[in-house]
Amino acid sequence: MAQVTLKGNPVQIGGALPATGTQAPAFTLVGEGLADVSLKDFAGKRKVLNIFPSVDTPTCANSVRAFNAKAGSLDNTVVLCVSADLPFAQARFCGAEGLDNVKTLSTLRARDFHDTYGVAIVDGPLAGLTARAVVVLDENDTVLHTELVAEIADEPNYDAALAVLN
């Protein structure tokens, strides 16, 4: 079990992020129109998993905007923004912001993702949501980079995540 903080207060995180150099665990999440979307749907592409509690918080919204801007120009790369938000809320946010270089995915029917990817917040006010993390995968779903952000209210290290794709 890992520990991060939320505004300086300790928060326990269940599990561990997939290790660099390992095969990423398969997943099926919920996309637009409540359709099931799996890791296999992005086969042959490099993937940036931007995992966060909710797009309705300023830091989470900033991470979606930043990855939309920074990763949108990378060849053969898709940014998957994963949260517990309903697909309708995710689509509304991206539509209002004009963000079209990211794909949003919900853990609505996929609570196992929280444990499988080691991002389950197990206590504190955000219990049941995901911690802020980034997992970068190559075309074959090998883990190239991971970051569990130590303070949930902080943004991830975008440069470190994207450096492994250059």
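Provided above is the structure to which this section pertains.
The following refers to the structure shown. Note that the structure is predicted; figures quoted are calculated from it, not measured.

1. What about a nonpolar patch on the surface?
Logical step 1: On the surface, Leu34, Leu86, Phe88 and Leu108 cluster together into a nonpolar patch covering about 340 Å² of accessible area.
Logical step 2: Here Leu108 is to be found in the loop between β7 (102-106) and α3 (112-116).
Logical step 3: Judged by its relative accessible area of 37%, Leu108 falls in the partly exposed class.

2. Remarks on the sheet that holds strand β1 (residues 2-6)
Logical step 1: With antiparallel pairing, the 3 strands of this open sheet are ordered in space as β1-β2-β8. A strand with exactly one partner marks an edge of an open sheet, and here the two such strands are β1 and β8 (120-121).
Logical step 2: In the sheet, β1 pairs with strand β2 (residues 9-14) via 5 bridges, with the strands oriented antiparallel. If you follow Ala2 over to β2, its bridge partner there is Ile13.

3. Side note on the layout of surface pockets
Logical step 1: Empty space within the largest pocket amounts to approximately 310 Å³.
Logical step 2: At the level of secondary structure, the elements contributing two or more residues to the lining of the largest pocket comprise β6 (77-83), α2 (87-97) and β7.
Logical step 3: The residue inventory of the lining of the largest pocket, partitioned by class, reads 10 nonpolar, 6 polar and 3 charged.
Logical step 4: When its volume is computed, the second largest pocket comes out at roughly 150 Å³.
Logical step 5: Taken together, Leu6, Lys7, Pro53, Thr57, Pro58, Thr59, Cys60, Leu126, Arg132, Ile152 and Ala153 make up the lining of the second largest pocket.
Logical step 6: Per-element accounting of the lining of the second largest pocket gives the leading share, 3 residues, to helix α1 (residues 58-71).

Conventions and cut-offs
- Position numbers for residues count from 1 along each chain, tracking the sequence in the order it is written.
- Reporting in this predicted model follows two pLDDT cut-offs: at least 70 for local features of residues, and 80 or more for side-chain atom pairs to be given and counted; totals over whole chains, interfaces and linings ignore these cut-offs and use all residues.
- Processing note: side-chain calculations cover all non-hydrogen atoms of the structure and skip hydrogens and water entirely.
- What goes into a patch is any residue over 30% in relative accessible area without a salt bridge, connected to like charges within 9 Å or, for nonpolar side chains (Val, Leu, Ile, Met, Phe, Trp, Tyr), within 5 Å.
- For every accessible area listed, the method is Shrake-Rupley and the probe measures 1.4 Å; residues are considered covered only by the protein chains on display.
- Put simply, a salt bridge is a Lys or Arg side-chain nitrogen that is within 4 Å of an Asp or Glu carboxyl oxygen.
- Secondary structure is summarised from DSSP: a helix means a run of H or I of at least four residues, a strand means a run of E of at least two, and numbering begins at the N terminus for each.
- Residue exposure (1.4 Å probe, protein chains only): buried if accessible area is under 20% of the type maximum, exposed if over 50%, otherwise partly exposed.
- Each pair of strands is called paired provided DSSP finds at least two bridges between the two strands.
- A 1.4 Å probe that fits into a set of points on a 1 Å grid over the protein atoms alone but cannot get out defines a cavity; an open set with protein on both sides within 12 Å along at least five of seven lines defines a pocket, and lining residues are those with an atom within 4 Å of a point.
- Grid points are joined across faces, edges and corners, and a volume is the space filled by probe spheres set on the points.
- Note on residue categories: nonpolar means Ala, Val, Leu, Ile, Met, Phe, Trp, Tyr, Cys or Pro, charged means Asp, Glu, Lys or Arg, and polar means any other residue, Gly included.

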